Amino acid sequence: MKRSWMNSPYAFSLGMFAMMVPSQAFSSFYSYFYVDKLGLGIGLATLARTIFLIWDAVNNPLFGYWSDRTKTRFGRRRPWVFGAIPLFMLTFVLVFSPPEGLSENGLFTWFLVALILYEAVATVLWVNYGALFPELFRGDRARAKASAIQQGYQVVALLIGTALTPILFGAMGFSNMAILYAFIFGAFMFICMMSVKERYEPVESEPLKLVDAFRQTLRNKKFWVFNISNSFAQTVNGLISSIIPFYAKYVLKIPEEQVSILLASVFISVIPLVFVWYWIIRRMDGVKAWRLSLAVYGLSVIPLWFGYDLASGVAAGIAVGFGLAGFLVTPAMVSGFITRSSGLISALAFFIVGLIFGYESGDNPGSDPESTFRYLISVVPLCLLLVSFLISFVTRIEFKDQAGGGINHGKKTDYKL
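Residues numbered from 1 in each chain as written. Predicted model: local features only at pLDDT ≥ 70, side-chain atom pairs only at ≥ 80, totals over all residues. Heavy atoms only, no water.

Asker: Before we move on, can you summarise the overall build of the protein chain with the specific residues and values?
Answerer: When helices and strands are tallied, the protein chain shows 13 helices and 0 strands. Secondary structure elements in the protein chain, listed N-terminal to C-terminal, are α-α-α-α-α-α-α-α-α-α-α-α-α. Taking all 417 residues of the protein chain together, the buried fraction comes to 54%. The long-range share in the protein chain, meaning contacts at least 24 apart out of those at least 6 apart in sequence, stands at 85%. Carbon together with sulfur atoms contributes 66% to the accessible area of the protein chain, which is approximately 18200 Å² in total. (Helix = DSSP H or I, 4+ residues; strand = E, 2+ residues; numbered from the N terminus. Buried < 20%, exposed > 50% of the residue type's maximum accessible area, 1.4 Å probe, protein only. Contact = heavy atoms within 4.5 Å. Areas by Shrake-Rupley, 256 points an atom, 1.4 Å probe, with all protein chains shown as cover.)

Asker: Provide a residue-level description of the environment of M20, including the pertinent values.
Answerer: For M20, the location among the structural elements is in helix α1 (residues 9–37). Excluding residues within four positions of it along the chain, M20 makes contact with W126, Q154, A157 and L158.

Asker: An account of the pattern of salt bridges is requested, with residue identities and associated values reported.
Answerer: A side chain of one charge can pair with a side chain of the opposite charge when the charged atoms of the two come close. Tallying each qualifying case throughout the model produces 6 salt bridges. We note a salt bridge from R76 to E135, for which the minimum N-O separation is 2.5 Å. Of this pair, R76 sits in the loop between α2 (42–68) and α3 (78–95) while E135 sits in helix α4 (residues 104–136), placing them 59 residues apart in sequence. In this structure, R374 engages E370 in a salt bridge whose closest nitrogen and oxygen atoms are separated by 3.0 Å. Within this pair, R374 and its partner E370 are both found in helix α13 (residues 369–391), separated by 4 residues, close to a single helical turn. For R374, a relative accessible area of 13% gives the class buried. Look at E370 and you get partly exposed, because its relative accessible area is 28%. Each of the salt bridges in this network shares a partner with another, and the network as a whole consists of R76, R77 and E135. (Salt bridge = Lys/Arg side-chain N within 4 Å of Asp/Glu carboxyl O.)

Asker: Account for the environment of G106, naming residues and giving values.
Answerer: Examined against the element boundaries, G106 turns out to sit in helix α4. What makes G106 partly exposed here is its relative accessible area of 22%. Along the chain, G106 and L40 lie 66 residues apart, while their C-alpha atoms are 10.0 Å from each other.

Asker: So, the packing of α1 against α3: which residues are in play, and what are the values?
Answerer: Remark: α1 packs on α3, axes separated minimally by 10 Å, with the N-to-C direction vectors making an angle of 25 degrees. Considering the angle they form, α1 stands roughly parallel to α3. The way α1 lies across α3 gives a crossing that is left-handed. Of the residues in α3, those touching α1 at P22, S23, F26, F33 and Y34 are F88, F92, L94 and V95. (Axes fitted to C-alpha atoms, helices over the stretch in contact; angles between N-to-C directions. Parallel < 35°, antiparallel > 145°, perpendicular 65-115°, else oblique. Left-handed = near helix turned anticlockwise from the far one by under 90°.)

Asker: Mind laying out the side chain of R76, listing which residues take part and the relevant values?
Answerer: Given the relative accessible area of 10%, R76 is considered buried. For R76, the side chain forms a polar contact with the side chain of E135, separated by 2.5 Å. (Polar contact = N/O pair within 3.5 Å; in protein donor to acceptor, adjacent residues only side chain to side chain.)

Asker: Help me get a handle on the nonpolar core, residues and values and all.
Answerer: Residues F12, F92, F96, F185, M189, F246 and F373 are the most contacted members of the largest nonpolar core, which totals 112 residues. Here this core gets 17 residues from one element, more than from any other, and that element is α4. Not counting residues up to four positions away in its chain, the partners in contact with F92 are P22, F26, Y118, A178, Y181 and A182. (Core = buried A, V, L, I, M, F, W, Y, C linked by side-chain atoms within 4.5 Å.)

Asker: How would you explain the packing of aromatic side chains if you had to name every residue and give the values?
Answerer: Per the counting criterion, the structure on display carries 37 aromatic pairs. Here the aromatic rings of W305 and Y375 are separated by 5.1 Å at their centres, their planes lie at 90 degrees, and the arrangement is edge-to-face. Of this pair, W305 sits in the loop between α10 (286–300) and α11 (310–329) while Y375 sits in helix α13, placing them 70 residues apart in sequence. Ring geometry for F350 and F373: centres 6.0 Å apart, planes at 70 degrees, overall edge-to-face. In this pair, F350 is assigned in helix α12 (residues 336–357) and F373 in helix α13, connecting sequence segments 23 residues apart. Residue classification places F373 among the buried residues on the basis of a relative accessible area of 0%. The cationic tip of R291 hangs over the ring face of F393; the distance from NZ or CZ to the ring centre is 4.2 Å. (Phe/Tyr/Trp six-rings, centres within 6.5 Å; stacked < 30°, edge-to-face > 60°. Lys NZ or Arg CZ within 6 Å of the ring centre and 35° of its normal.)

Asker: Give me the side chain of S300: which residues, what numbers.
Answerer: The topology assignment puts S300 in helix α10. Of the polar contacts made by the side chain of S300, one reaches the backbone oxygen of Y297; its length is 2.7 Å. With near-sequence residues (within four places) excluded, S300 lies in contact with A316, A319, V320 and G323.

Asker: Give a detailed account of the packing of α1 against helix α6 (residues 174–194), specifying residues and quantitative values.
Answerer: Remark: α1 packs on α6, axes separated minimally by 8 Å, with the N-to-C direction vectors making an angle of 160 degrees. Relative to α6, the element α1 lies roughly antiparallel. Read as a crossing pair, α1 and α6 show a hand that is left-handed. Taken together, the residues that form the contact of α1 with α6 break down as 19 nonpolar, 1 polar and 1 charged. (Nonpolar A, V, L, I, M, F, W, Y, C, P; charged D, E, K, R; others polar.)

Asker: Which residues make up a nonpolar patch on the surface, and what values go with them?
Answerer: A cluster of nonpolar side chains, namely W5, Y10, F190, I191 and M194, defines an oily patch on the protein surface of about 440 Å² accessible area. Within the secondary structure layout, W5 lies in the segment before α1. (Patch = residues over 30% accessible without salt bridge, like charges linked within 9 Å, V, L, I, M, F, W, Y side chains within 5 Å.)

Asker: How would you summarise α10 if you had to cite specific residues and measurements?
Answerer: Since the α-helix packs 3.6 residues into each turn, any two residues three or four apart lie on the same face. For α10, spanning 15 residues, the distance from its first C-alpha to its last is 21 Å, which sits close to the expected 21 Å at 1.5 Å a residue. Listing the buried residues of α10 in full gives G286, V287, A289, W290, R291, S293, L294, V296, Y297, G298 and S300. (Expected span 1.5 Å × (residues − 1).)

And the structure:
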């Protein structure tokens with residue numbers, strides 16, 4: 001490996017690309033695959049997702065604690081990542097490859113076990129990859145450059161994981177799509193880790209114990225207000241992404257292969273609109289920019305209610321892209337533990353709205369599936385963002401840095417929605 005490639009931000013950022021492609025495909029389509037394609041009832045699907053999210057909340061600090069205390073001649077983080085690469089490939093494929101002929105209870109069991117295994121391995125990857133960032137890139141200038149490169153790779157990965165995925169599973173099936181993404185992940189993640197040489201320098205002070213850190217967090221009111229507010233907003237990100245395939249089928253009534261166009265309208269529009277938001281937020285302080293982004297995001301989901309075909313859906317998707325861009329460039333969330341609740345809110349919303357309108361699964365969509373997914377993609381997100389906006393006024397919050405944040409490195413990106 002050439003010296004110039006070692007600890008290069010370009011090589012390291014390949015890890016972000018590698019993880020985000022399958023992670024985005026997972027978060028956008030696993031519910032659609034099991035509930036609508038395979039016919040798993042939303043009650044059992046919600047139960048599985050709830051157990052999955054509880055496990056996620058527990059294992060995130062646990063794996064971080066173990067990683068921090070690992071000492072090998074190969075480093076602290078790299079052994080964990082190398083060990084997780086083949087396991088992530090396997091568990092990702094298992095999620096999308098249940099055996100044929102399973103009963104509903106058998107399908108539920110497969111779904112739950114596959115989610116738990118996938119989540120455990122994914123956590124190992126995200127925790128250790130994130131922890132490498134501050135160790136490899138020292139100083140504001142180096143970190144700013146590496147962060148910008150990472151975000152560029154991440155945007156490309158998001159586009160592939162969302163817009164390309166329907167084309168792939170339409171052409172080759174979900175299982176083969178998962179196998180392809182698993183090998184893409186494995187290749188790029190291996191290249192990334194081969195370019196890493198850890199620079200860990202031990203500190204004299206002992207890190208804060210897990211229980212003590214959690215106790216101090218509980219006493220911080222501003223922390224709770226900020227993160228609970230953002231948790232509701234983060235729920236909208238996941239809810240819209242996961243509901244779009246259902247929305248396309250039952251509301252817009254477009255062919256499955258056109259879902260890619262709908263998803264692309266949201267995520268491609270985000271790229272130029274991010275620069276518009278950067279221009280806006282430079283003219284106000286961080287808190288006002290954050291609240292403005294929540295308000296605009298709420299308004300941006302309203303056009304989704306009026307969608308009825310591909311063209312109107314694309315127009316609504318671009319509007320959502322503007323709202324999402326604002327949320328992405330304002331200060332990032334600081335607690336992966338709190339934001340796990342966003343997935344639970346999303347699962348419960350799906351379950352409750354489905355019960356109200358009679359949607360159970362793709363095998364039994366009920367008499368009015370169109371209303372189910374109109375409400376889930378527009379009314380529910382609007383209500384969640386209204387709650388988020390109101391919570392933001394509960395206490396006085398100040399951001400030390402200018403709005404326009406990015407990825408909070410060292411934390412696990414909220415890839416599950």
